[in-house]
Amino acid sequence: MSEYQHHVLTRGHYHIVALTRDQEFESDEIYAYAVMSSSGVKLRQELTLSDARNWIDDRIERDQGTPATPGSPVVQREREPAEATRTRTSMLRPGRKRR
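Secondary structure summary: the protein chain contains two helices and four strands in total. When the elements of the protein chain are put in sequence order from the N terminus, they spell out β-β-β-β-α-α. Relative to its full complement of 99 residues, the protein chain shows a buried share of 19%. Long-range pairs, those at least 24 residues apart, make up 20% of the contacts in the protein chain with a sequence separation of at least 6. As displayed, the protein chain has an accessible area near 8000 Å², and 47% of this comes from carbon and sulfur atoms.

Here is the structure:
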């Protein structure tokens, strides 16, 4: 069985292609959608275009380090100990003690 890929969408480094068994593209002949990397590796296969889009969106958000779901808390970068000390001491005026 042959599998033909037809480009549908590009987002970031990811591409969505429609998969058909025929070289000619007919929208009613699509049996799945594949998410491909920019190098052409098939990363995922989904039954619907919306599922493929959602998977790419989640992957891009994860690659960027942002939360995958709306409303989830943003994980902040922890400071290095020296950076934290520098910030804390710069807020104090000379000659004053912290309470």
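Reading across from one edge, β1-β2-β3-β4 is the order of the four strands in this open sheet, with antiparallel pairing throughout. Of all strands in the sheet, those bounded by a partner on one side alone are β1 (4–11) and β4 (42–46). Across this sheet, the average inter-strand angle for adjacent strands is 25°, counted without regard to direction. Taken together, the six bridges between strand β2 (residues 14–20) and strand β3 (residues 32–37) define a ladder with antiparallel strand orientation. Within β3, the residue paired with Ala18 across the bridge is Tyr33. The sheet strands contacting helix α1 (residues 49–64) are β1, β2, β3 and β4, and the helix crosses β2 at an angle near 160°.

Okay, the pairing of β4 next. Along any regular strand the residues' side chains alternate between the sheet's two faces. Pairing of β3 with β4 involves four bridges; the strand directions are antiparallel. Opposite Tyr33, over in β4, you have Glu46 as the bridge partner.

About the thresholds
Residues numbered from 1 in each chain as written. Predicted model: local features only at pLDDT ≥ 70, side-chain atom pairs only at ≥ 80, totals over all residues. Heavy atoms only, no water. Helix = DSSP H or I, 4+ residues; strand = E, 2+ residues; numbered from the N terminus. Buried < 20%, exposed > 50% of the residue type's maximum accessible area, 1.4 Å probe, protein only. Contact = heavy atoms within 4.5 Å. Areas by Shrake-Rupley, 256 points an atom, 1.4 Å probe, with all protein chains shown as cover. Pairing = 2+ DSSP bridges. Axes fitted to C-alpha atoms, helices over the stretch in contact; angles between N-to-C directions.

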